[in-house]
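A structural walkthrough
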Amino acid sequence: TAVQGQALRPLNITTAQHLVLIDASLKYKQSTSAGNSGFLIRGIGTSSFSAGIEQSISTVVDGVVLGDPSTISTLVDIERVEVLRGPQGMLFGKNASAGLISFTTVRPKIGKTELIGHGELGTNGHYVGNLIANAPISENAAMRVFGFVKARDGVVTNRSPFQPRDVDGQLNYGGGLKLLWEPADDVRLY
């Protein structure tokens, strides 16, 4: 299954866990420990209580294998998502014995200036903000920067008089920088 990034926004697919909406054979197994969470494809995946066990469904972002799929907290600036069923060890190594989820981000665009923003507000302190900027550096180079913040208040409150607080609130934020340089027609550094 391959889905373009533009198709994810109308479906409000903002996290890797939401990918179950685009592929019926995909399921995300949430665990209390981040290292034990992971994907299942056609019901096959890794179920273990040890964070040292590698997932049998590999998660790849721009060709880089992630050991823990829960590290993808939000989907920002995604060009496409591919769900590959069955063994993918020939191209992606031993961590893809049962399948692969591949994320490809948007590369910098030479000669194009862009500024893309997205925000949303909701109840219970929910807010999301994404900002993406593409800027040319020279006639054969460009950079792309993205940042995101995603938060919500918890729904479970610790009523202790010494430390009252939400115990299950979320705050995720991050960003990235990508550079593309094409010094010649057949040479590209990314």
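The sections below set out a description of the structure shown in this document. Keep in mind that what you see is a predicted model, and the values were worked out from it rather than measured.

**A short note on the environment of R80**
Structurally, the position occupied by R80 is in strand β6 (residues 78-85). Here the alpha-carbon distance between R80 and G129, two residues 49 residues apart in the chain, equals 21 Å. Side chain to side chain, R80 and E79 meet in a polar contact 3.2 Å long. A distance of 2.6 Å separates polar atoms of two side chains, one belonging to R80 and the other to E82.

**Here we look at the packing of aromatic side chains**
Tallied over the full model, the rule gives zero aromatic pairs. One Lys or Arg, R107, reaches over the ring of Y190 and ends 4.0 Å from the middle of that ring.

**Re the sheet that holds strand β1 (residues 2-4)**
Ordered by their spatial adjacency, five strands build an open sheet running β1-β6-β7-β4-β5, and the pairing between neighbours is mixed. What marks the edges here is a single partner per strand, and that holds for β1 and β5 (64-66). Sheet twist, expressed as the average angle between the axes of neighbouring strands with direction ignored, equals 20 degrees. Where β6 meets strand β7 (residues 99-105), seven bridges bridge the pair, whose relative direction is antiparallel. Paired with V83 across the strands is I101, a residue of β7.

**Here we look at the environment of A98**
On the secondary structure map, A98 appears in the loop between α2 (89-92) and β7. What makes A98 buried here is its relative accessible area of 11%. For the pair A98 and T14, spaced 84 residues apart in sequence, the C-alpha to C-alpha distance is 24 Å. Dropping the residues within four chain positions of it, A98 is found in contact with I41, I44, S56, I57, R85, G86 and P87.

**Brief notes about the sheet that holds strand β9 (residues 127-138)**
With antiparallel pairing, the five strands of this open sheet are ordered in space as β8-β9-β10-β13-β14. One side of each edge strand has no neighbouring strand; the edge strands of this open sheet are β8 (114-121) and β14 (187-189). Neighbour-to-neighbour, the strand axes of the sheet open up by a mean angle of 10 degrees, direction not taken into account.

**Remarks on the nonpolar core**
One finds L19, L75, I101 and F103 to be the most contacted residues of the largest nonpolar core, which totals 18 residues. Put simply, the parts of the chain that give this core at least two residues each are β2 (26-29), β3 (38-41), β6 and β7. Counting residues per element, this core draws most heavily on β6, at three residues.

Each value, and the rule that gives it
- Residues numbered from 1 in each chain as written.
- Predicted model: local features only at pLDDT ≥ 70, side-chain atom pairs only at ≥ 80, totals over all residues.
- Heavy atoms only, no water.
- Helix = DSSP H or I, 4+ residues; strand = E, 2+ residues; numbered from the N terminus.
- Polar contact = N/O pair within 3.5 Å; in protein donor to acceptor, adjacent residues only side chain to side chain.
- Phe/Tyr/Trp six-rings, centres within 6.5 Å; stacked < 30°, edge-to-face > 60°.
- Lys NZ or Arg CZ within 6 Å of the ring centre and 35° of its normal.
- Pairing = 2+ DSSP bridges.
- Axes fitted to C-alpha atoms, helices over the stretch in contact; angles between N-to-C directions.
- Buried < 20%, exposed > 50% of the residue type's maximum accessible area, 1.4 Å probe, protein only.
- Contact = heavy atoms within 4.5 Å.
- Core = buried A, V, L, I, M, F, W, Y, C linked by side-chain atoms within 4.5 Å.

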